Amino acid sequence: MLLLSALWELLAFCAGLTVQAKLGAVGVMLLCTVAVGVRARHDVLAFGAAVVLVLLLFRAP
């Protein structure tokens, strides 16, 4: 269980670094919005923020 938690946090940390490097503060805000939407069980919020985040990541140079 501890290994799974550590792996999950490492994945979240790497995702945060990648998003921040490509999109800056807007990317971090969208990543936090996805996390809040999942945690609060607001599926529309989480899905919408994830779609916008993925679209911006594909457009970023």
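Quantities reported herein were computed from a predicted structural model and do not represent experimental measurements. The residue numbers shown here count from 1 along each chain, following its written sequence. Note on the predicted model: pLDDT of at least 70 is required for a residue's local features to be given, and 80 or more for side-chain atom pairs to be given and counted; whole-chain, interface and lining totals, by contrast, use all residues. Here the side-chain values reflect all heavy atoms present in the structure, with hydrogen atoms and water set aside.

### Here we look at the overall build of the chain
Helix numbering and strand numbering both begin at the N terminus, where a helix is a DSSP run of H or I of at least 4 residues and a strand a DSSP run of E of at least 2. Within the chain, the secondary structure is distributed over three helices and zero strands. Each helix and strand of the chain, ordered N terminal to C terminal, gives the series α-α-α. As presented, the chain carries roughly 5,000 Å² of accessible surface, and 76% of it is formed by carbon and sulfur atoms. The protein chains shown are the only cover counted for residues, whose accessible areas, like all others here, come from Shrake-Rupley with a 1.4 Å probe.

### Details of the confidence of the model for the chain
The predicted model of the chain averages 91 in pLDDT, with 100% of residues at 70 or higher. By definition, pLDDT measures how confident the predictor is in each residue, and it falls between 0 and 100. Of all secondary-structure elements in the chain, the lowest mean pLDDT belongs to helix H2 (residues 25–39), at 91, while helix H3 (residues 43–59) reaches the highest, 93.

### Examining the state of the cysteines
The rule for a disulfide is simple: a pair of cysteine sulfur atoms within 2.5 Å. One pass over the structure, following the stated rule, counts zero disulfides. Between cysteine 32, a free cysteine, and cysteine 14, which holds the nearest cysteine sulfur, the sulfur-to-sulfur gap is 16 Å. Here's how the labels work: a residue is buried when its accessible area is under 20% of the maximum for its type, exposed when over 50%, partly exposed in between, all with a 1.4 Å probe on protein chains only. By relative accessible area, cysteine 32 is classed as partly exposed at 45%.

### Overview of the packing of H2 against H3
Where H2 meets H3, the closest approach of the two axes is 8 Å, and the angle between their N-to-C directions is 155°. Between H2 and H3, the angle falls in the class roughly antiparallel. Seen from above, H2 lies across H3 with left-handed handedness. Each of Val26, Gly27, Leu30, Leu31, Thr33, Val34, Gly37 and Val38 in H2 lies in contact with H3, whose residues at this interface are Leu45, Ala46, Ala49, Ala50, Val52, Leu53 and Leu56. Ten residues, namely Ala, Val, Leu, Ile, Met, Phe, Trp, Tyr, Cys and Pro, are considered nonpolar, four, namely Asp, Glu, Lys and Arg, are considered charged, and the remaining ones, Gly among them, are considered polar. Its residues placed into classes, the contact of H2 with H3 shows 12 nonpolar, three polar and no charged. A fitted line through C-alpha atoms represents every axis, and for helices the fit uses only the stretch in contact; the resulting angles, taken between N-to-C directions, go from 0 to 180 degrees. Should an angle fall under 35 degrees it is taken as roughly parallel, and over 145 as roughly antiparallel, whereas 65 to 115 is taken as roughly perpendicular and any remaining angle as oblique. Helix crossings get a hand from a simple test, with the near helix turned counterclockwise from the far one by less than a right angle marking a left-handed crossing and a clockwise turn marking a right-handed one. The contact criterion used throughout is that any non-hydrogen atoms of two residues lie within 4.5 Å.

### Thoughts on helix H1 (residues 2–23)
Taking 1.5 Å per residue as the helical rise, H1 with its 22 residues ought to reach 32 Å, and the 31 Å between its terminal C-alpha atoms agrees with that figure. Directly after H1, the chain includes glycine 24, whose backbone phi takes a positive value near 75°. The span you would expect from a helix comes to 1.5 Å times its residue count less one.

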